[in-house]
Amino acid sequence: MSRKQPKLVLREACIADVTSGWPTGRFFEAGAGTGHMASLFLDRGFTGVAHDLGASSRDLIRARFKGYEQRMAVVDDVDELSDASFDYLFAFEVLEHIEDDVAVLSRWASKLRPGGRLLVSVPAHQRKFGASDAMVGHVRRYERKQLCDVFERAGFRDIGMVNYGWPITELTRTVSNRLIGSPQQGFDGLSAEECSIRSAQAKPPVITRLLKVAGGNMFVPFTWIQRAFYRTDLGDGLVAWATRR
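Figured I'd write up the structure that's included with this text. Just so it is clear, the model here is predicted, and its values are computed rather than measured. (Residues numbered from 1 in each chain as written. Predicted model: local features only at pLDDT ≥ 70, side-chain atom pairs only at ≥ 80, totals over all residues. Heavy atoms only, no water.)

## Structural notes on the environment of Cys148
Looking at the element boundaries, Cys148 is found in helix H6 (residues 144-153). For the pair Cys148 and Ala240, spaced 92 residues apart in sequence, the C-alpha separation works out to 8.8 Å. (Helix = DSSP H or I, 4+ residues; strand = E, 2+ residues; numbered from the N terminus.)

Written as structure tokens, this is what we have:
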């Protein structure tokens, strides 16, 4: 099994910090990828439903949770879900792939009960947009105010947000951009939508080779260091939460 990318290690730790006191409930995860994040919440006693744009991703999630269908389901279309039927809405590293993020988030939010919680992660700061963003189909990186505006327009209130990743992601992002060089060295020949789907399932070969040398648990100490900078605007990503009106 390949090692986790440093930013994933840091993001998981940040999400665990943010949600440590949240009661268990039923979640809907949009853009669930391979089901990795869903598995972390299932381990904590949550139950859920997942959807992903890619049919291959949905197949991976179904295979991952085979035998656990009573606790975790996968749908082929968001419209299969009943409105106002979930306690939580999760979307991790998804909104940055979507042109009309407000419209799509509003659609997902209709599945969340009034008073239910939204939890999102996105890459931070448009000035940092580089080859590694273009390679995986990102259309933007977010500023705090910009993400707050998206939430409010999609029908959310009581917004909270932390900035994670400082200081190590400044180094890892720079190294990734230089190694990739251009998006064509990543998932060559794929459309932006196909890049988005593929990025959840596999890493470009150049990144896979790097992770054999540096990745995974060697970055755990930085999960503690980043906590001192959550309230700053220095980190490489945002974890944000809000309540549906």
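## What about the environment of Gly235?
Position of Gly235 relative to the elements: it lies in the loop between helix H10 (220-225) and strand E7 (237-244). It is 5.2 Å that separates the C-alpha atoms of Gly235 and Asn163, two residues lying 72 residues apart in sequence. Gly235 has contacts with Ala124, His125, Lys128, Asn163, Tyr164 and Trp166, leaving out every residue within four places of it along the chain. (Contact = heavy atoms within 4.5 Å.)

## Comments concerning the packing of helix H1 (residues 6-18) against helix H2 (residues 36-43)
Here H1 crosses H2 at 35°, and the two axes come no closer than 12 Å. Crossing angle aside, the handedness with which H1 passes H2 is right-handed. Between H1, through Leu8, Glu12 and Ile15, and H2, the contact on the second element is made entirely by His36, Met37, Leu40 and Phe41. Its residues placed into classes, the contact of H1 with H2 shows 5 nonpolar, 1 polar and 1 charged. (Axes fitted to C-alpha atoms, helices over the stretch in contact; angles between N-to-C directions. Left-handed = near helix turned anticlockwise from the far one by under 90°. Nonpolar A, V, L, I, M, F, W, Y, C, P; charged D, E, K, R; others polar.)

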